[in-house]
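Given next are the chains, with one letter for each unit.
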Amino acid sequence: MSYLNFISCATCHGDDQQSLFQGLLQDRPGKLSHALGDSPYFSISGDFSGLSYFQRFQTLISQQLDRIDWNSFEKQKKWGLVLASTKGITEDTVWNSSFSTVDPYFELLNWIESFAPVDFSNSVVVSNACSSSHGAIELAKIWLDHQQYDHVLVVAADLIGPFTLKGFQSLRALSPTHKVQPFDNNRDGLLLGDGIATAILGRTAQNKNEIKVESVHSLCEGSSATRPDTSGQNLARCFTQSQNDIDLIMSHGTATYYNDLTEANAMELAFKNKPMPKVTASKWSVGHTLGASGMVDLAIAEQIFKTQTVPGVPTLKNCQLSIAEQILRASEKHEIRNIMISSLGFGGMCSAMTLSCEAPGES
Amino acid sequence: MRVDIEQLDFTFSPPLQEPSWSPQVPRWYQLDGAAFALAELFARKTRNMDLLIMASPLASNLTDWEFVQSGCQHAQKFVHTLPNVRASMALKAAEHNCFSLCLQKGPETRDVALREFFYSSQFQSVPALAMVDLLEFDEGVQKRQVYRSTLLTASDRGSWRLELSETSASDFKTNEIWARNPFAQKQTFKMGPWLWEKLS
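Residues numbered from 1 in each chain as written. Chains lettered and ligands numbered in written order. Predicted model: local features only at pLDDT ≥ 70, side-chain atom pairs only at ≥ 80, totals over all residues. Heavy atoms only, no water.

1. Side note on the overall build of chain A
Looking only at helices and strands, chain A has nine helices and 14 strands in total. Against the globule reference of 21 Å for 363 residues, chain A gives a C-alpha radius of gyration of 19 Å, in line with a compact fold. Each of the three principal axes of chain A carries a C-alpha extent, and together these read 50 × 50 × 40 Å. When the 363 residues of chain A are sorted by exposure, 66% land in the buried category. Considering only contacts within chain A whose residues lie at least 6 apart along the sequence, 79% involve residues at least 24 apart. Surface exposure of chain A reaches about 12,500 Å², of which carbon and sulfur atoms provide 44%. The positive charge centre, built from 27 side chains, and the negative charge centre, built from 37, are 3 Å apart in chain A. (Helix = DSSP H or I, 4+ residues; strand = E, 2+ residues; numbered from the N terminus. Rg over C-alpha atoms; globule rule 2.2 N^0.38 Å. Buried < 20%, exposed > 50% of the residue type's maximum accessible area, 1.4 Å probe, protein only. Contact = heavy atoms within 4.5 Å. Areas by Shrake-Rupley, 256 points an atom, 1.4 Å probe, with all protein chains shown as cover. Lys, Arg positive; Asp, Glu negative; His and termini not counted. Charge placed at Lys NZ, Arg CZ, Asp CG, Glu CD.)

Structure follows, in structure tokens:
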């Protein structure tokens, strides 16, 4: 059993998931920064002038860790630590005249380990591209389900810097119109976004309304380095391994042509013989937070369970995909007990995380 | 439990010869050195695995740097700045797919990956651990890089047993290799100085 004992996140909307959720409910995209040139990105607010990227990570992660009421956890229990990240942390060394022989993730992992007021029996970084959050939670769940640890702190963190931005420019994956329109006929690419999220998963629930992480299923499909198998069959395999009746799918919804097509096809395949859930997405408002995106969606899912209100995708105007009718355009009240969070990542990563809540709507 | 260990030293020095696995990876010429070295090993025979743990102690630092040095223009280079992509290309070369987990922990990457490999053998049918090390790097015109790719595949649960299969590493057979269950009370695991020094 794995329960979400705590979650918090910082995005372009603010330093908690409540501000993010309000932005989504108000159909409001977050703050765009042009600090890195022509291609804007959704940035976390703050005075980071003069700080290295490592220091920015430290500042933002410490703010999230300080939100945790550590006294409500038994510190003497066995703890594990997983950091999910992709490229943000490389910004400080990658521009040097020779290549770095130091693993960029290692220093950050060590710092988190020393900052958090518990002793970790084990710690590791999961770098599964944009599915890193799913991979980290899957690993945490394995540790908890097999009783290796009592609690696992999962930190998902990616900040946008010149390296990442130039990389996505080279891929021509960024929206030239600067509009993120998941599943829309006119979708023309993604915008990147900063994201920092922390969660504590435990073997037992501390409250009756806590989210249960039912399952995480992932697959490396070995299709193409950047492009998923657009038939959706491999992502559908991840979807169908869940035993729950899903009320809502929080799609990866990057607004790239192939991502959205793949997700739509996967949903069609997986829910061919059962009711198709409602579908929503968040990247139109927070951007693609890369390795943190799954955890940011997990923080949004927590708010959906609490409020029983599902944000829509207001940038969606016209959609010819098979799931068009299921995608919410505006916020709606729904009875939500089971949510699936979908993810796709470079290197053929497909992933689906299923959550349930026994007492939704109670706080 | 039986553990098959395969290891291959591979020199990556463009221009490259078309590999035998090119039908599976049509854009083989876009792979970085680490992905190429791993694909060479994976394509050698058919294997069954349901979990692939990927361990790259140096992450994708060299490819990150090469992307920057090339003016951040080449998308095919940027793709390989994610260290999990090399696992994907290796699986593609082997015409296989499964759950893949890319783990990093600096100089402790091998240890933590090996630990997860043995731990996962308790609930995965056929876990595997792939590791790629950069042994030599020449910045000159030749851009010569030498990699060592290693693959451990576990099967047949039960008592611990190591079996060595294909290898081209000359020092492989000369080192003492032994293993005990790292989750037993007295945990010791050592596989020779060429591979992992210590895991407790």
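2. Quick notes on the overall build of chain B
Per the secondary structure count, chain B includes five helices and eight strands. Listed N to C, the secondary structure of chain B is β-α-β-α-α-α-β-α-β-β-β-β-β in terms of helices and strands. Here chain B, with 200 residues, has 57% of them falling under the buried criterion. In chain B, once contacts between residues fewer than 6 apart in sequence are set aside, the share between residues at least 24 apart is 69%. Accessible surface computed for chain B: about 8,200 Å², of which carbon and sulfur atoms make up 45%.

3. Here's the deal with the pairing of strand E6 (residues 151–158) of chain A
All names here are of chain A. For E6, the tally of buried residues reaches eight of eight residues, placing the bulk of the element in the interior. Here E6 shows no split at all, with His151, Leu153, Val155 and Ala157 on one side and Val152, Val154, Ala156 and Asp158 on the other all buried. Sheet analysis places strand E4 (residues 79–84) next to E6, joined by six bridges and oriented parallel. From the neighbouring strand, Val82 faces E6, where its bridge partner is Val154. (Pairing = 2+ DSSP bridges.)

4. Description of the environment of Pro26(B)
All names here are of chain B. Tracing the sequence through the fold places Pro26 in the loop between strand E1 (2–12) and helix H1 (33–42). Its relative accessible area of 52% is what places Pro26 among the exposed residues. A C-alpha to C-alpha distance of 9.7 Å links Pro26 and Ala93, two positions 67 residues apart in sequence.

5. Comments concerning the packing of helix H4 (residues 132–145) of chain A against helix H9 (residues 293–307) of chain A
Residues and elements named next belong to chain A. The N-to-C vectors of H4 and H9 enclose an angle of 75 degrees; their axes lie 6 Å apart at closest approach. In terms of orientation, H4 and H9 fall into the roughly perpendicular class. Taken together, the residues of H9 that come into contact with H4 (itself represented by Ser133, His134 and Ile137) are Ser293, Gly294, Met295 and Leu298. Classifying every residue of the contact of H4 with H9 by side-chain character gives three nonpolar, four polar and no charged. (Axes fitted to C-alpha atoms, helices over the stretch in contact; angles between N-to-C directions. Parallel < 35°, antiparallel > 145°, perpendicular 65-115°, else oblique. Nonpolar A, V, L, I, M, F, W, Y, C, P; charged D, E, K, R; others polar.)

6. Some thoughts on the environment of Ile341(A)
All names here are of chain A. Tracing the sequence through the fold places Ile341 in strand E13 (residues 338–345). Of the residues examined, Ile341 reaches a relative accessible area of 0% and is grouped as buried. Separated by 232 residues in sequence, Ile341 and Leu109 have C-alpha atoms that sit 26 Å apart. For Ile341, the residues in contact, after removing those within four places along its chain, are His134, Met250, Gly294, Asp297, Leu298, Ala301, Ser351, Ala352, Met353 and Leu355.

7. What to know about the interface of chain B and chain A
Contacts between the two partners involve 47 residues from chain B and, on the opposite side, 54 residues from chain A. Around 4,000 Å² of area is buried between chain B and chain A when both sides are counted, 65% of it from carbon and sulfur atoms. Between chain B and chain A we count one salt bridge in total. With its nearest N and O atoms 2.9 Å apart, the salt bridge here joins Lys87(A) to Asp64(B). At the surface where chain B touches chain A, the tally comes to 19 residue pairs in polar contact (both at pLDDT 80 or more). Pairing of strand E5 (residues 120–126) of chain A with strand E3 (residues 99–104) of chain B, which is carried by two bridges, proceeds in the antiparallel orientation. Its bridge partner lying in E3(B), Val126(A) is registered against Leu103(B). (Buried area = accessible area lost by both parts, 1.4 Å probe. Salt bridge = Lys/Arg side-chain N within 4 Å of Asp/Glu carboxyl O. Polar contact = N/O pair within 3.5 Å; in protein donor to acceptor, adjacent residues only side chain to side chain.)

8. Looking at helix H5 (residues 109–120) of chain B
Residue and element names in this part refer to chain B. Taking 1.5 Å per residue, 12 residues should reach 16 Å; H5 reaches 16 Å between its end C-alpha atoms and fits that length. Counting buried residues along H5, 10 of its 12 residues qualify, which places the element largely inside the surrounding structure. Regarding H5, the residues found buried are Thr109, Val112, Ala113, Leu114, Arg115, Glu116, Phe117, Phe118, Tyr119 and Ser120. (Expected span 1.5 Å × (residues − 1).)

9. Some points on the pairing of strand E1 (residues 3–10) of chain A
Residues and elements named next belong to chain A. Burial analysis of E1 places eight of its eight residues in the buried class, which makes it a mostly covered element. As judged from the seven bridges shared by E1 and strand E7 (residues 195–202), these two strands associate in the antiparallel manner. Across the sheet, residue Ile7 finds its bridge partner in E7, namely Ala199. Bridge count between E1 and strand E8 (residues 211–220): two bridges; the pairing is antiparallel. Paired with Leu4 across the strands is Ile211, a residue of E8.

10. Here we look at the packing of aromatic side chains
Applying the stated criterion across every chain, the model contains 21 aromatic pairs over all chains. Above the face of the Tyr258(A) ring, Arg227(A) is positioned so that its terminal group lies 3.8 Å from the ring centre. (Phe/Tyr/Trp six-rings, centres within 6.5 Å; stacked < 30°, edge-to-face > 60°. Lys NZ or Arg CZ within 6 Å of the ring centre and 35° of its normal.)

11. Quick notes on the pattern of salt bridges
Residue and element names in this part refer to chain B. Enumeration over the complete set of coordinates arrives at 14 salt bridges over all chains. Residue Arg110 pairs with Asp133 through a salt bridge whose shortest N-O separation is 2.7 Å. With Arg110 in helix H5 and Asp133 in strand E4 (residues 127–137), the pair connects residues that are 23 residues apart, well separated along the chain. Taking the relative accessible area as the measure of exposure, Arg110 reaches 22% and is therefore partly exposed. Residue Asp133 is classed as buried on the basis of its relative accessible area of 12%.

12. Digging into H1(B)
Residue and element names in this part refer to chain B. In terms of burial, H1 is largely enclosed, as 10 of its 10 residues are buried. Among the residues making up H1, those that are buried are Gly33, Ala34, Ala35, Phe36, Ala37, Leu38, Ala39, Glu40, Leu41 and Phe42. Check the buried side of H1 and you find it contacts E1, strand E2 (51–55), helix H4 (85–93), E4 and strand E5 (145–155).

13. Here we look at the state of the cysteines
Applying the stated rule across the entire model yields zero disulfides over all chains. With no disulfide partner, Cys72(B) has as its closest neighbouring cysteine sulfur the one in Cys130(A), 18 Å distant. Judged by relative accessible area, Cys72(B) falls into the buried class, the value being 7%. Just so you know, Cys102(B) is unpaired, no disulfide at all, and the nearest cysteine sulfur is the one on Cys220(A), 10 Å from it. A relative accessible area of 0% places Cys102(B) in the buried class. (Disulfide = S-S within 2.5 Å.)

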